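Notes for the structure review
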Amino acid sequence: MDDHAIIPLYHFRLSHYFWRIVKRALVLLPIAAFAICAPLANAASIATTVTDKANVPLDDAVVYVTPVSGTPSSKAARNAQLDQVNKEFVPYVMAVQTGTSVNFPNKDNIRHHVYSFSPAKTFELRLYSGTPSSPVIFDKPGPVVVGCNIHDWMVAYVYVVDTPYFAKTAKGSARIDSLPDAEYELRVWHPQLRGAVPMQRIRIGPGGAAHYTIALDIQPKPAVRKAAPSAESYK
Ligand SMILES: [Cu+2]
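Residues numbered from 1 in each chain as written. Predicted model: local features only at pLDDT ≥ 70, side-chain atom pairs only at ≥ 80, totals over all residues.

**Let's talk about the sheet that holds strand β17 (residues 199–204)**
The four strands are arranged β14-β3-β16-β17 in an open sheet whose pairing can be described as antiparallel. What marks the edges here is a single partner per strand, and that holds for β14 (166–168) and β17. Neighbour-to-neighbour, the strand axes of this sheet turn through a mean angle of 25°, independent of strand direction. Across six bridges, strand β16 (residues 182–189) lies against β17 in antiparallel orientation. By the bridge assignment, Y184 is partnered in β17 with I202. (Pairing = 2+ DSSP bridges. Helix = DSSP H or I, 4+ residues; strand = E, 2+ residues; numbered from the N terminus. Axes fitted to C-alpha atoms, helices over the stretch in contact; angles between N-to-C directions.)

Set out below in C-alpha cells:
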C-alpha cells in the first residue's frame, strides 16, 4: 500500500461561491428591474467538471441529481434510440430516466443481434435488420451493458436513473438546468468507474448556479473496440 491508498476514491469541490454570488447579483439586477412584470424564476442550474485522477477531462460520464425528499415533478423524454452504425453502437453511453423506451435501429446493411445480461435490464433482439417493432423499456435504475452477438467488439452502456435531472459529459463538462430549489444527491457514473458511484449532498437555492469538480477513479478504457480483420467474415 502506498500513501495514495488513504485518498478517498473521489472528491468534490464547491469551487465558485464567489461566482455564485456574482452571478446571482447579475441575475437579480435585471429581474429587480422587471420585478413588476415577471416573478423570480424558481429554478437553478449546476455545472460540473469531471476528470480522472490525473485531471484529464472525461467524456461519457453521467452526472445526475436526485431530490433527497419527494419525487421530481418533471420528466425527461421517454423515448430514445441507440443506433448501430458501421458496426458500432452510437452513442457509446446513453443516460435515460427509468421508464424510457429505447429503439435500436440498425443502420447497417448487415444484421445485428443486440442483447444485455445486465440485472437492470436483460433483453435480446434477435438477428435483425432495420428497426425492431417494439422498443426496449428500461424500467429499473442501473447500468445496462449492451452487446451484439455477432460483432464481439460492439458495446454500449445505457445508464438508467430514477430522476429527470441528468447530463452526460463532453470534454469533461456537463450541465443540468431547470432544477427546482431543493436538497439533492449528486452522483457521477462512468463506464470505466472503479468501485461505488460517488455521491455528494448539495443544496440548490433560488437562481443558484454552482460549479462542482469531480475526480473519478477510472480504469483504462479497453483499447480494442474495432474488429480484427478476420471478424469481418461474420457478416
Ligand atoms: Cu452486430
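**Re unusual backbone geometry**
Of note, the bond from V90 into P91 is cis; its omega dihedral lies within 30 degrees of zero at 0°. By the secondary structure assignment, P91 is in the loop between β6 (88–90) and β7 (93–97). Positioned with a positive phi, D60 is a non-glycine residue whose angle comes to about 65°. You can see D60 is positioned in the loop between β2 (43–52) and β3 (62–67). The class of D60 is buried, set by 20 C-beta atoms lying within 10 Å. The backbone of K87 sits at a positive phi, close to 60°, despite the residue not being glycine. Tracing the chain through its elements places K87 in the loop between β5 (83–85) and β6. Taking the C-beta count within 10 Å as the criterion, K87 has 20 such neighbours and is therefore assigned buried. (Buried ≥ 20, exposed ≤ 12 C-beta atoms within 10 Å, placed from the backbone.)

**Some thoughts on the sheet that holds strand β4 (residues 79–81)**
Ordered in space as β4-β8-β11, the three strands form an open sheet in which the pairing is mixed. Two strands lie at the open edges of the sheet, namely β4 and β11 (136–138), each paired on one side alone. Strand-to-strand twist across the sheet, computed as the mean angle between neighbouring axes with direction ignored, equals 30°. Note: β4 against strand β8 (residues 100–103), three bridges, orientation parallel. Paired with N79 across the bridge in β8 is S101.

**Quick look at the nonpolar core**
A61, V62, V63, V158 and Y159 are the most contacted members of the largest nonpolar core, which totals 48 residues. Both domain 1 (3–68 + 165–215) and domain 2 (79–161) contribute no fewer than three residues apiece to this core. Setting aside anything within four residues of it in sequence, one finds A61 in contact with V50, T169, A174, V188, W189, H190 and L216. (Core = buried A, V, L, I, M, F, W, Y, C linked by C-beta atoms within 7 Å. Domains from an automatic or database assignment. Contact = placed C-beta atoms within 7 Å.)

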